[in-house]
Amino acid sequence: MRSLREFLSLLSGTHERAATVLAMNRRNLHYIYTRNERRHFPLADDKLLAKEVLVAAGVRMPETYRTYSYFYQLRNLEQDLDANHDFVIKPAQGSGGNGIIVIVGRSGRDWLGISGKIYTAYDLQKHISDIIFGVYSFDLGDRAIIESRITQHAEMEELSPLGLADVRVIMCDDFPVMSMTRVPTRQSDGKANLHQGALGVAIDIPTGVTTHARFLGQPIDRHPDSGIPLIGRTLPFWPEILELAQRAARAVPLKYLGVDISVSPDGPQLLEINVRPGLEIQNVNERGMLPILQAMTMKETSQDE
Amino acid sequence: MANTNSGGARRGIYILVLAIMVLLPISVTAYKLYVLDYPLAGLIPAPSYNVEVSMQVDGHGEDINIHTYLPKTDSRQSVDNEQNSSGAFTAEIKSDPLNREVSWKAENVRGQQGILYAYAVRARHVRFNIPADLTIPDSYPAALASYLVAEPGIQKDDPQIEAALRRIVPAEKPAILDAVTRIHRHLQDNLANRNFSGYTDALTALKLGEASCNGKSRLFVAMARKLNIPARLVGGLVMQQGSKRTSHQWVEAYISGHWVPFDTINDHFAEIPANYLTLYYGDLVLFKHTANVNFQYFFNVTKQLVPQRDAEAALSQSALNITNLYAFFERVGISQNLLKILLMLPLGALVTVVFRNVIGLETFGTFLPALIASAARETGLLWGVIGFLVIILVSAVVRRALDWLQLLHSPKMAIMLTTVVIVMMVMTVGGVQLGLFELAHMTLFPIAILAITAERVALMEAEQGALKVAHITFMTLIVIAACYAVMDSLFMQSLVLAFPELLLVAIALNLWLGKWIGIRVMEFLRFRRLILGSREMDVKT
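Parameters and conventions
Residues numbered from 1 in each chain as written. Chains lettered and ligands numbered in written order. Predicted model: local features only at pLDDT ≥ 70, side-chain atom pairs only at ≥ 80, totals over all residues. Helix = DSSP H or I, 4+ residues; strand = E, 2+ residues; numbered from the N terminus. Buried ≥ 20, exposed ≤ 12 C-beta atoms within 10 Å, placed from the backbone. Contact = placed C-beta atoms within 7 Å. Core = buried A, V, L, I, M, F, W, Y, C linked by C-beta atoms within 7 Å. Axes fitted to C-alpha atoms, helices over the stretch in contact; angles between N-to-C directions. Parallel < 35°, antiparallel > 145°, perpendicular 65-115°, else oblique. Left-handed = near helix turned anticlockwise from the far one by under 90°. Pairing = 2+ DSSP bridges. Nonpolar A, V, L, I, M, F, W, Y, C, P; charged D, E, K, R; others polar. pLDDT = per-residue confidence, 0-100.

**Some details on the overall build of chain B**
Looking only at helices and strands, one finds 16 helices and 16 strands in chain B. Out of the 541 residues in chain B, the part that is buried amounts to 32%.

Structure representation (C-alpha cells):
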C-alpha cells in the first residue's frame, strides 16, 4: 500500500509541461466512466446523501441544522431559524453554487445576507419552497439544507476578502492529482466560480504553496480587488487539507473526484464532492494533468504485475 | 481480476458490434449494387413538385358546388400523395378515360370556407421527332373523330381561318412536319403573346393578331383539324416554385399514333418540359363553381428533388426494397416526407455529435440543432433560424417576466410552453397574411423542446449573463446550419432513401466517436498555451 507521503514525492519529481492536457473526451471516457459508476452518481449529486456517508467516515463537514423535504415543514420556519444566528441555505442537488443563500445575522425581524441583502421570512420561505420544488436541481423535487456557516481562516480571509474561497483537489484513485483555490472577486459577485470571474490560484500539491494564478482567462499575480500578491503563499492546514481530501475520496465509491474544501480557523471542512470536476484547473496550474494521471495508472499496473 | 476480464469482454463486444455495423450495411449495399443491379445513376435525384390547390368561397347560406380537374398518372407524369382537406365540403371524384374530375359539395355554407387539395407530381421532359416525309392520312379510326370537328371556340371551318391557313401552309398536300412547323412558327412568331386570363376563341385570336395561351391553342387546334390532323387542347399547370393563379393551355396533335405536344406561347415544338403538369384534355374550364360566392383560388408549388422512380422500381422485387418501406408507412398514413425526415434525423444527430465532441461547440440541447434543422426543411433555413430565434427570444423574455411574478416551477413551464405555441401561431398567421408561406410551416417545430430551451436560455441569462447566452445561441445556429446542409442535401437524402442500411454506418461512426479521446478543437484553443507552449520549450532545449 502506497502512502500519501510516498505519492507526494513521486509528484514532486520533474514533470515537463508536455502536450499532456486532459481533455473532455478522455476525462469522460477514461476517468469518469471507468472510475465512477453511474449508480453512485447520486452520492455526489445529492449533498445530503454525500454528507451522511462522508460524516460517517469521519470527514469534517459543516453541521446540518435542519433539512426541509416537504412544504408543510415550512410552517414554523421563523421559529426554526431563530435557533441559529448565522447559517447557509442550499439545495441538496444544486450545482454551480446556485440556490445558495448565506445568512450572517439578523436585521430586526428580517435576516441579513452576506452581500448585505435583507431577506424577510417570506423571502426565505419562498426560496426554500423553490428548492423543494426542484428549481435549482433540474429534477422533480429536492431537499433544502440549513447548515452552519463556515468562517474562513485568517490567512484565507486575507487571500480572499470578498467571500468564501474553496480549495479544489482533483482526486484519482484516492490520490491528489492537481489542486487550486478559487477566490471570489468583485467581478464574480462573491461566487467561487471561475467562469463567472473568480480567481483561480494553483497550489503545488507537495508543498501547499501557490504557484500561479489566473483571472478571466489571463495569468495574474495580484488580487484584482485587494492587490495582495497571490503567488508563493502557503495554504494554512495544507497537510490536513490533503488528508481530508483523501479521507473523503476513500469514503465514497467514486474514484475520480473533485473535492471542495474550505479552511476554517480550526482546520479544513469539506464542502462538497463533484463527479465531473472541470478542466480549467490545468490552465490555472499552467500544466496538463495527464502525465500525473498516467504516472499513477502506470505505477498501479506495474504493482499489479 | 474480474474487472479486467469484464473490460476485455466489453472491448471484444465493442469491436464485434462495430464490425457488424460496418460490414452488414456495406454487404447489403454491395448486394443491391451487384446482385440486384441497382442503378447507381438512380441516385441522382429527379425533381418532384408538391402542388397545393387552395380554394376559398364566401357562403351566405346557399349550397355550394366547386368543380375542377385533377391530374392523372400517365406515361409522362405520375401523381401521388394526394391529400384532400375540404372541411365542410364532401369531395366526389369521377374518372373517365381522359379526365379526372372532382366536385366538392356543401349545403348551407356560411362565412369563409377553404378547400385545400394537394398532390405530389413527378413528370418527364418528352420530345418527339416527326419524320419529314410523313404525310397527313386521309382517314383515322372512328375514336378520333371528335378531334377533327369544329367546336364553339374552335371554328375550323370559318373562312377567315381557312384563308389564313392557306397563307401559312400553301402546299396542297403538305407533309405533317412541314404543316405543324409552319403553324407553330406562325403562332409563335407572328401572334403576340398576351398575358390575360380571359377566354379567346380561335377566330378572335386570328383577328386580333395576339392572344394568350388559350386563344393561340384554339387557333392551333382549329388549323390542325382543318388540315385533317386530329388535335386537342390540353389544360394544365406550369410548375414553378411559388404561388400562382394562372393555369396554362397547350395543344396535342395526333401524329403517327402519338399525341405530340406543342406550346406556342413558350415555343415548345413537339416537346413538353418536365415541369408541365397535365390537368385535363379538351376545351374545358378548369374551375366551375356556384355563382356569387367570391370564389378565389391559387396554386402553391414547391419543388423538391426525390430519388428517381426507375431506380426505386429496380429494387421492387427485393425484400430490402425502400418502396416497400414506403408502402408500409403509407398504409398507416405517414407521408414520404415524414419518412424522409425520420431517415435524415440520424445524420443530423451525427453532425451534432461531431460539432460537440470533435469541434467542441456548446449547443442548447444535444439534438435540438438536428430537430430544428429538420423542421427548417419545410420553412427554409433562413426562416427556420429566424423562427427559432424569435421563439427563443420571446419566451426567454416571458420567462423573465414570470420570474418577477415569482411563480412555482411547473406552472411556469406550462406558461412557457403555451407561449411557444402562441408565438408559433402568430408567426404562422402573420406569415400567411404577409404571403410568407414558408413561415406557415413553423408548426413542425418541436414545441416542448423549444419551451425547455427557452427556460434554459432564461436561466443561463440570469446566471451567466447575456453574453454567454448569445455565444451558445450563435454556436447552436452554426450547428443548425450544418445539420440543415447535410439533412437537406439531396445526395444524402437519395443515398439514405436508396440504402437505408447505411444508418447502421452512422451508428458505427457514433460508436467510434464514442471512444474518441482526442482533444476537441475548442479545447485546443482553450489549452493552447499548455499544448503549444510546451512544444516551443522542446524546440529551445
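**Focus on the overall build of chain A**
Assigned secondary structure in chain A consists of 10 helices and 13 strands. Contacts in chain A between residues at least 24 apart in sequence constitute 60% of all its contacts with a sequence separation of at least 6.

**Digging into the nonpolar core**
Ranked by size, the top nonpolar core spans 64 residues in total, and within it Met-171, Ile-241, Ala-245, Ala-248, Val-259, Ile-261 and Leu-270 of chain A carry the most contacts. For this core, the leading source of residues is helix H8 (residues 238–251) of chain A, giving eight residues. Setting aside residues up to four positions removed in sequence, Leu-270 of chain A forms contacts with Leu-54, Val-59, Arg-60, Met-61, Leu-244, Ala-248, Val-259 and Ile-261 of chain A. Listed in part, the 44 residues of the second largest apolar core include Met-344, Trp-383, Leu-439 and Val-457 of chain B.

**Digging into the packing of helix H9 (residues 368–379) of chain B against helix H10 (residues 381–405) of chain B**
All names here are of chain B. Where H9 contacts H10, the two axes come as close as 7 Å, and the packing angle between them is 125°. By the angle between their axes, H9 is oblique relative to H10. You can see that H9 and H10 cross each other, and the crossing is right-handed. Contacts between H9 and H10 pair Ile-372, Ala-375, Ala-376 and Thr-379 from the former with Leu-381, Trp-383, Gly-384, Gly-387 and Phe-388 from the latter.

**What about the sheet that holds strand E13 (residues 267–274) of chain A?**
Residues and elements named next belong to chain A. An order of E11-E10-E9-E8-E7-E12-E13 is seen for the seven strands of this open sheet, with the pairing classed as antiparallel. Every interior strand has two partners, whereas the edge strands, strand E11 (218–219) and E13, have only one. As paired strands, strand E8 (residues 175–183) and strand E9 (residues 199–203) are joined by five bridges and run antiparallel to one another. Residue Thr-181 lies in a different strand from E9, and its bridge partner there is Val-201. Of the strands in this sheet, strand E7 (166–172), E8, strand E12 (256–264) and E13 touch H8, which is tilted by about 140° from E12.

**As for the pairing of strand E1 (residues 46–70) of chain B**
Residues and elements named next belong to chain B. Relative to strand E4 (residues 100–123), E1 is paired through 20 bridges, and the arrangement is antiparallel. Along E4, the bridge assignment pairs Asn-50 with Ala-120. Pairing of E1 with strand E15 (residues 288–289), which is carried by two bridges, proceeds in the antiparallel orientation. Each bridged residue has a counterpart across the sheet, and for His-67 the counterpart in E15 is Lys-288.

**Some details on the environment of Ser-85 of chain B**
Residues and elements named next belong to chain B. Along the chain, the position of Ser-85 falls in strand E2 (residues 77–85). The exposure class assigned to Ser-85 is partly exposed, which follows from the 13 C-beta atoms found within 10 Å. When the C-alpha atoms of Ser-85 and Ala-118 are compared, they prove to be 8.4 Å apart, with 33 residues separating the residues in sequence.

**Observations concerning unusual backbone geometry**
A positive phi angle, close to 70°, is found at Asp-174 of chain A, a residue other than glycine. Assignment of secondary structure puts Asp-174 of chain A in the loop between E7 and E8. For Asp-174 of chain A, a count of 18 C-beta atoms within 10 Å translates into the label partly exposed. One non-glycine residue, Ser-256 of chain B, lies in the positive phi region at around 50°. On the secondary structure map, Ser-256 of chain B appears in the loop between strand E10 (248–255) and strand E11 (258–263).

**Overview of the packing of helix H2 (residues 159–168) of chain B against helix H5 (residues 213–226) of chain B**
All names here are of chain B. Where H2 meets H5, the closest approach of the two axes is 10 Å, and the angle between their N-to-C directions is 75°. Judged by the angle between their axes, H2 and H5 are roughly perpendicular. Here Ile-161, Glu-162 and Leu-165 of H2 lie close against H5, whose contacting residues are Ala-222, Met-223 and Lys-226. Classifying every residue of the contact of H2 with H5 by side-chain character gives four nonpolar, no polar and two charged.

**Describing the sheet that holds strand E1 (residues 64–68) of chain A**
By way of backbone hydrogen bonds, the strands of a sheet pair with one another, either parallel or antiparallel. Residues and elements named next belong to chain A. Spatial strand order, E1-E6-E2-E3-E4-E5: six strands in an open sheet with antiparallel pairing. Both edges of this open sheet fall to E1 and strand E5 (118–119), since each of them pairs with a single strand only. Together, E1, strand E2 (87–91), strand E3 (101–107), strand E4 (110–113), E5 and strand E6 (144–147) form the strand contacts of helix H6 (residues 121–133), whose direction differs from that of E2 by roughly 35°.

**Some thoughts on the confidence of the model for chain B**
All names here are of chain B. Per-chain confidence: chain B averages 84 in pLDDT, with 88% of residues scoring 70 or above. Here helix H6 (residues 309–314) stands out as the element of chain B with the lowest mean pLDDT, 57, in contrast to strand E14 (residues 276–281), whose mean of 95 is the highest. Throughout residues 534–541 the model reports pLDDT below 50, and contacts reaching past four residues in sequence, or to other chains, amount to six contacts. Scored as a complex, the prediction yields pTM 0.66 and ipTM 0.77.

**A word on the environment of Ala-506 of chain B**
All names here are of chain B. Positionally, Ala-506 belongs in helix H14 (residues 503–513). Expressed as a C-alpha distance, the spacing of Ala-506 and Pro-346, which sit 160 residues apart in the sequence, is 7.1 Å. For Ala-506, the contacting residues outside a window of four places in its chain are Pro-346, Leu-347 and Leu-350.

**Details of the environment of Arg-38 of chain A**
Residue position: Arg-38 of chain A is located in the loop between helix H2 (24–35) and helix H3 (41–45). As a C-alpha pair, Arg-38 of chain A and Leu-254 of chain A span 216 residues in sequence and 9.5 Å in three-dimensional space.

**Side note on the confidence of the model for chain A**
Residue and element names in this part refer to chain A. Looking at chain A as a whole, the pLDDT averages 86, with 90% of positions reaching at least 70. Note on residues 9–18: pLDDT under 50 across the span, and 16 contacts to partners over four residues away in sequence or across chains. Across residues 300–305, confidence stays below pLDDT 50; counting only partners more than four residues off in sequence or on other chains, it has one contact.

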